Amino acid sequence: MKNNIILELVNVTKEFPGVKALDNVNINIKKGEIHFLCGENGAGKSTLMKIVSGVYSSGYSGNIILKGEKQNFKNIAESKKKGIAIIYQELALVPEMSIYENIFLGAERKKGMFVDFNEHIMEAEKLLKEVGLKVNVAEKVKNLGIGKQQLVEIAKALREKVDILILDEPTAALNEDDSKNLLKLIETLKNTGVTCIMISHKLKEVTAIADTVTVIRDGKNICTLTGDEISEDEIIKNMVGRQIDNIYPARENKNIGEISLEVENLTAKEQGTNKEILKEISFNVKTGEIVGISGLMGAGRTELALAIFGNTPKYKLSGKIKIDNKEVHFRNTKDAIKKGIAYVTEDRKGNGLVLGQDIKTNITLANLEDLVVNGKVDENKEVEVAEYYRKSLTIKTGSIEQKTGSLSGGNQQKVSLAKWLYTDPKILILDEPTRGIDVGAKFEIYSLMNELVAKGMSIIMISSELLEVIGMSDRVYVIAEGELKGELTEDITEENIISLSVKE
Amino acid sequence: MIELKKLLKENIREYGMYIALVAIFIFFTTTTNGMFLSARNFSNLLNQTGYIAVLSIGVTLVIIIRHIDLSIGYIAGFMGAVIALLLAKGISLFIAIPIVLVMGMIIGLFNGFLVAKLHVPAFVATLAGMLIFRGALLLATEKKGSIIVKNRVFNALGNDFIPSFFEVDAFGIKNTTAIIVGLVLIIIYILSEINTRKIKMNYKFEVISSNLFILKLFFTSSVMFYIAYKLSLYNGISWTVVTVGIITFIYHTIMMKTSLGRHIYAVGGNPEAARLSGISVEKITLIVFSSMGMLAVISGMLYTSRLQSASTTAGAMFELDAIAGAYVGGVSASGGVGKVTNSVLGAIVMAALTNGMNLMGVNISYQYIIKGSILVLAVIFDIQTRKNVK
């Protein structure tokens, strides 16, 4: 092993039909360091990690050298044997199984012919202690929050001896507290000698804990930063290949008008249990205004949005919703769409897009009636509509007939946005509009939001990224545990938002 | 030529179905010394497929929205008996047909209600329906074992052909109507293709080159003409073929051209996304199951009419043949994918296998084994080609 390098990637190149995903990538990973890979969506980071962990066993050229030995992993099991563990962005846990069953899934300890559950429980308890998770190992995974599930994943990875732990956007779905916890754990692991390779879009955490940062752009490694060289500006500059002065574009001539949506004492109770999900929430949005709703995941933000949007099969609602000062009642989302409300979901894969269908079919889905002539959908006009949005939102794709499932996150988000813009909304609710997408696409979405409010639209932006809320909003409401904790009109700062959110 | 290759490559899934059909036809024609493709057998084959094809169309929609309907075979059997009873009581055909169609829709609606509103898994709900209607069929036919239908107009549906209005003495043509209908359909087809192309060009969209376009028109027209000519050599176009043709056309149009069709595909592709887009998943489920019930009745009528009687065994295994046809035709169990036209072709493939093996004198036990293997192969082909496209 030269210079303490545990993993060496030499001239790694991988081509998919039509695209070069990786182009002669060379990276050296030192033993015991926290090494971040940064880059826009589609830059090739995940592909690279899939090669390292054996998911892609062929179809690439170049060498993977682990501890001085050339490797050619045929599958994940082989890389695992050599001490490489990978945790994907989408968690691979079985919700209906207990924590210990999940941890030993696929590697059951046996006593004779039968699974030795006592051994499982004991070992699992040890592992949970290691990752700092204090819950009963017999708890079903579905009852855990996403942050705790992430820890269970790591415990599962630590089940066998791990030299290199790869984490693909581990904090993308976590709130601030859980993220901090996780990062602390990573540092603890580092101290025990585990090498961590992480992919992240959250540059704040990168600068906080990284020993080394490699920036990848268009399948090539652009630069490697260490020590004092690591700064957000430096990373962004290399990621996008140009300087972005301000990631939150400034808004020219603000023109805030009358109240367009007003919510009064909105309460939602879960049917059956009568648990209060939303407690007497009142707020409003004006035309030409961006209102930020800040709060942690699970605070009731998405429930609030869905209640306004008329999609509450599980809840009993009370309170008033007024649009242009007239009270409205929505039985379903169709009613809400008709009244000019659009909701862009936080979960574009789960309930935003039909991934098996192409871009144009997804864009027109919520407003198909607009294309119907004599009972039939006018497919030619549909193509025009889709082309219009492809150009105006710069959706990067070979054709509008490409399946949305094969697009990168940022482009999927743009398709999701295009779909709702096509319904011509007056009030646009954006739920985590930039989650899991890269800096370049983020900037484009922010600019688009500014354009839309300039035309008189009202935007409600739900976000757990404080900087985004601060950078984009005219006013901010803070909610926690289903309650509205307060409103900020001036002095929208991190401190003020946090202090409101922890207010009793 | 390069364009043709590219077109073939991109649409291999689409054309795979046709290639399989042609291969099967060639195979059986050679092994049976041309008997398989004789005018008489060809005509028979289409008529045998009729009642299954109708079910395949309906169940395609059900599978697209990620459900299944096992009750359709015995609904067809039972409702075939019901209309036989109604006709035996002397009720006019023009009253009896609407009655059974509405009954079928209500039965389907009930299945849909169990699935959409009460959240009973479709497999269980329709398995229960299968048992119930099997019992109901036995009750209805209990007394005599079968109910004879004497209504001539009704029996024509499964047995008669569009008559020939005048005779020509050339090329062995016996039924001139088949040729005329064939030519009219070819003209309509060519005109509508040209029109579509024109509109696309007006929008300045990409279209295939004019040479290839003419080749495509020529090829499809030739196939259509060949079928029409084949049929004209025997008794012409049967009312069964007319019925299936009209239903296929209507369902194809709904699925490909209307917002209802789009909504069905969206619900199958991602029900949550569909709901948030303002589509009522419940309503779509009810519509699809209710249409299934109605088509089951039509299938039952075709079968009863073909036998000129309702029997205790009517409807047995229909649902499985129909589902097999849909899968051979490329519908996907994970939802959101499938075409009614291909399901009809799938049903024809399955019927052609039975018909051809019967002509060859293949033992019935081997027939089941071969059909089972082909079903699996077809689905493997489908999954593989879908992967490649991705």
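Heads up: the structure comes first, above all this text.
Here is what the cut-offs are and how they apply
- Residues numbered from 1 in each chain as written.
- Chains lettered and ligands numbered in written order.
- Predicted model: local features only at pLDDT ≥ 70, side-chain atom pairs only at ≥ 80, totals over all residues.
- Heavy atoms only, no water.
- Helix = DSSP H or I, 4+ residues; strand = E, 2+ residues; numbered from the N terminus.
- Buried < 20%, exposed > 50% of the residue type's maximum accessible area, 1.4 Å probe, protein only.
- Contact = heavy atoms within 4.5 Å.
- Areas by Shrake-Rupley, 256 points an atom, 1.4 Å probe, with all protein chains shown as cover.
- Lys, Arg positive; Asp, Glu negative; His and termini not counted.
- Charge placed at Lys NZ, Arg CZ, Asp CG, Glu CD.
- Polar contact = N/O pair within 3.5 Å; in protein donor to acceptor, adjacent residues only side chain to side chain.
- Patch = residues over 30% accessible without salt bridge, like charges linked within 9 Å, V, L, I, M, F, W, Y side chains within 5 Å.
- Salt bridge = Lys/Arg side-chain N within 4 Å of Asp/Glu carboxyl O.
- Axes fitted to C-alpha atoms, helices over the stretch in contact; angles between N-to-C directions.
- Left-handed = near helix turned anticlockwise from the far one by under 90°.
- Nonpolar A, V, L, I, M, F, W, Y, C, P; charged D, E, K, R; others polar.
- Pairing = 2+ DSSP bridges.
- Core = buried A, V, L, I, M, F, W, Y, C linked by side-chain atoms within 4.5 Å.
- Buried area = accessible area lost by both parts, 1.4 Å probe.
- Phe/Tyr/Trp six-rings, centres within 6.5 Å; stacked < 30°, edge-to-face > 60°.
- Lys NZ or Arg CZ within 6 Å of the ring centre and 35° of its normal.

A short note on the overall build of chain A
Right, on to step 1. Per the secondary structure count, chain A includes 17 helices and 24 strands.
Right, on to step 2. Taking the principal axes of the C-alpha coordinates as reference, chain A spans close to 70 × 50 × 50 Å.
Right, on to step 3. For chain A, buried positions account for 53% of its 504 residues.
Right, on to step 4. Counted over contacts in chain A with a minimum sequence separation of 6, partners at least 24 positions apart contribute 67%.
Right, on to step 5. Summing over all exposed atoms, chain A offers an accessible surface of approximately 22700 Å²; the carbon and sulfur share of this is 46%.
Right, on to step 6. Averaging the positions of the 68 positive and the 75 negative side-chain charges in chain A gives two centres separated by 4 Å.

Digging into the side chain of aspartate 474 of chain A
Residues and elements named next belong to chain A.
Right, on to step 1. Looking at where aspartate 474 falls in the secondary structure, it is placed in the loop between helix 16 (466-472) and strand 23 (475-480).
Right, on to step 2. Owing to a relative accessible area of 11%, aspartate 474 belongs among the buried residues under this scheme.
Right, on to step 3. Side chain to side chain, aspartate 474 and lysine 254 meet in a polar contact 2.9 Å long.

What about the environment of serine 43 of chain B?
Residue and element names in this part refer to chain B.
Right, on to step 1. You can see serine 43 is positioned in helix 3 (residues 39-64).
Right, on to step 2. Taking the relative accessible area as the measure of exposure, serine 43 reaches 3% and is therefore buried.
Right, on to step 3. For serine 43 and isoleucine 237, which are 194 residues apart along the polypeptide, the C-alpha to C-alpha distance reads 8.0 Å.

Observations regarding a nonpolar patch on the surface
Right, on to step 1. A surface patch of nonpolar side chains, amounting to about 670 Å² of accessible area, comprises Phe165, Phe166, Val168, Ile180, Val184, Leu185 and Ile188 of chain B.
Right, on to step 2. Within the element layout of this structure, leucine 185 of chain B appears in helix 8 (residues 176-202).

Re the packing of helix 4 (residues 117-131) of chain A against helix 5 (residues 146-158) of chain A
Residues and elements named next belong to chain A.
Right, on to step 1. Look at helix 4 against helix 5: their axes get within 9 Å of each other, and the N-to-C directions meet at 120°. Pair helix 4 / helix 5 crosses with right-handed handedness. Together, Leu127, Leu128, Glu130 and Val131 of helix 4 and Leu151, Ile154, Ala155 and Leu158 of helix 5 make up the contact between the two elements.
Right, on to step 2. Broken down by class, the residue content of the contact of helix 4 with helix 5 amounts to 7 nonpolar, no polar and 1 charged.

Let's talk about the pattern of salt bridges
Pairs can form between side chains of opposite charge once their charged atoms are near each other.
Right, on to step 1. Inspection of the entire model under this criterion finds 31 salt bridges over all chains.
Right, on to step 2. When the shortest N-O distance is used, the salt bridge between glutamate 379 of chain A and lysine 257 of chain B registers 3.9 Å. Taken together, the residues glutamate 379 of chain A in helix 13 (residues 379-392) and lysine 257 of chain B in helix 10 (residues 239-257) connect one chain to another.
Right, on to step 3. The class of glutamate 379 of chain A is partly exposed, set by a relative accessible area of 33%.
Right, on to step 4. Glutamate 382 of chain A is the partner of arginine 262 of chain B in a salt bridge, and the nearest nitrogen-oxygen pair spans 2.7 Å. Of the two residues, arginine 262 of chain B sits in helix 11 (residues 259-269) while glutamate 382 of chain A sits in helix 13, which places them in two different chains.

As for the pairing of strand 16 (residues 315-323) of chain A
Residues and elements named next belong to chain A.
Right, on to step 1. Direction of pairing for strand 13 (residues 259-270) relative to strand 16: antiparallel, over a ladder of 8 bridges. Counterpart to glutamate 264 in the pairing with strand 16 is lysine 320.
Right, on to step 2. For strand 16 and strand 17 (residues 326-327), the ladder comprises 2 bridges, and the chain directions are antiparallel. Residue pairing across strands places isoleucine 323 opposite lysine 326, the latter belonging to strand 17.
Right, on to step 3. Turn length for the strand 16-strand 17 hairpin, with the two strands adjacent in sequence and antiparallel, is 2 residues, and the turn residue aspartate 324 shows positive phi of about 50°.

Section: the nonpolar core
Right, on to step 1. Grouped together as the largest cluster of nonpolar side chains are 100 residues, with contacts concentrated most on Phe25, Val59, Met79, Val100 and Ile264 of chain B.
Right, on to step 2. By residue number, the principal contributor to this core is helix 3 of chain B, which donates 14 residues.
Right, on to step 3. If sequence neighbours within four positions are ignored, isoleucine 264 of chain B has contacts with Leu61, Ile64, Ile65, Met255, Ile284 and Val288 of chain B.
Right, on to step 4. With 82 residues, the next largest nonpolar core counts Leu306, Ile323, Tyr446 and Tyr477 of chain A among its residues.

Structural notes on the interface of chain B and chain A
Right, on to step 1. In this complex, chain B contributes 22 residues to the contact, which on the side of chain A involves 34 residues.
Right, on to step 2. Buried surface at the junction of chain B and chain A, both sides included, amounts to about 2200 Å², of which 57% is carbon and sulfur.
Right, on to step 3. The tally of links from chain B across to chain A stands at 2 salt bridges.
Right, on to step 4. Taken together, the connections running from chain B to chain A amount to 8 residue pairs in polar contact (both at pLDDT 80 or more).
Right, on to step 5. Those elements giving two or more residues to the side of chain B that touches chain A turn out to be helix 8, helix 10, helix 11 and helix 12 (271-276) of chain B.
Right, on to step 6. The element that contributes the greatest number of residues to the side of chain B that touches chain A is helix 11 of chain B, accounting for 6 residues.
Right, on to step 7. Class assignment for the residues of the side of chain B that touches chain A results in 9 nonpolar, 8 polar and 5 charged.

Looking at the side chain of arginine 348 of chain A
All names here are of chain A.
Right, on to step 1. Position of arginine 348 among the secondary structure elements: in helix 11 (residues 348-352).
Right, on to step 2. No salt bridge is formed by the buried arginine 348; its nearest oppositely charged neighbour, aspartate 347, is found at 7.6 Å.
Right, on to step 3. Among the polar contacts made by the side chain of arginine 348, one reaches the side chain of glutamine 413 at a distance of 3.1 Å.
Right, on to step 4. Within the local environment of arginine 348, its side chain forms a polar contact with the backbone oxygen of arginine 435, the two atoms lying 3.2 Å apart.
Right, on to step 5. In this structure arginine 348 touches Leu353, Gly409, Gln412, Gln413, Arg435, Gly436 and Ile437, once residues within four positions along its chain are discounted.

Quick notes on the packing of aromatic side chains
Given two aromatic rings, one states the distance between the centres and the angle between the planes to describe the pair.
Right, on to step 1. Per the stated rule, a full pass over the model turns up 16 aromatic pairs over all chains.
Right, on to step 2. Between tyrosine 388 of chain A and tyrosine 389 of chain A, the ring centres sit 5.0 Å apart and the planes meet at 75°, which makes this aromatic pair edge-to-face.
Right, on to step 3. When its relative accessible area of 10% is taken as the criterion, tyrosine 389 of chain A is described as buried.
Right, on to step 4. Look at phenylalanine 78 of chain B and phenylalanine 133 of chain B: their rings are 5.8 Å apart centre to centre, the planes differ by 40°, and that puts the pair in the tilted class. Of this pair, phenylalanine 78 of chain B sits in helix 4 (residues 72-88) while phenylalanine 133 of chain B sits in helix 6 (residues 122-141), and the two are 55 residues apart along the sequence. Per residue, the accessibility class of phenylalanine 78 of chain B equals that of phenylalanine 133 of chain B, and both read buried.
Right, on to step 5. One aromatic cluster is present, formed by Phe25, Phe27, Phe28, Phe36 and Phe42 of chain B through successive ring pairs.
Right, on to step 6. The cationic tip of lysine 14 of chain A hangs over the ring face of tyrosine 56 of chain A; the distance from NZ or CZ to the ring centre is 4.6 Å.
Right, on to step 7. Sitting above the plane of the phenylalanine 213 of chain B ring, arginine 197 of chain B keeps its charged end 4.6 Å from the centroid.

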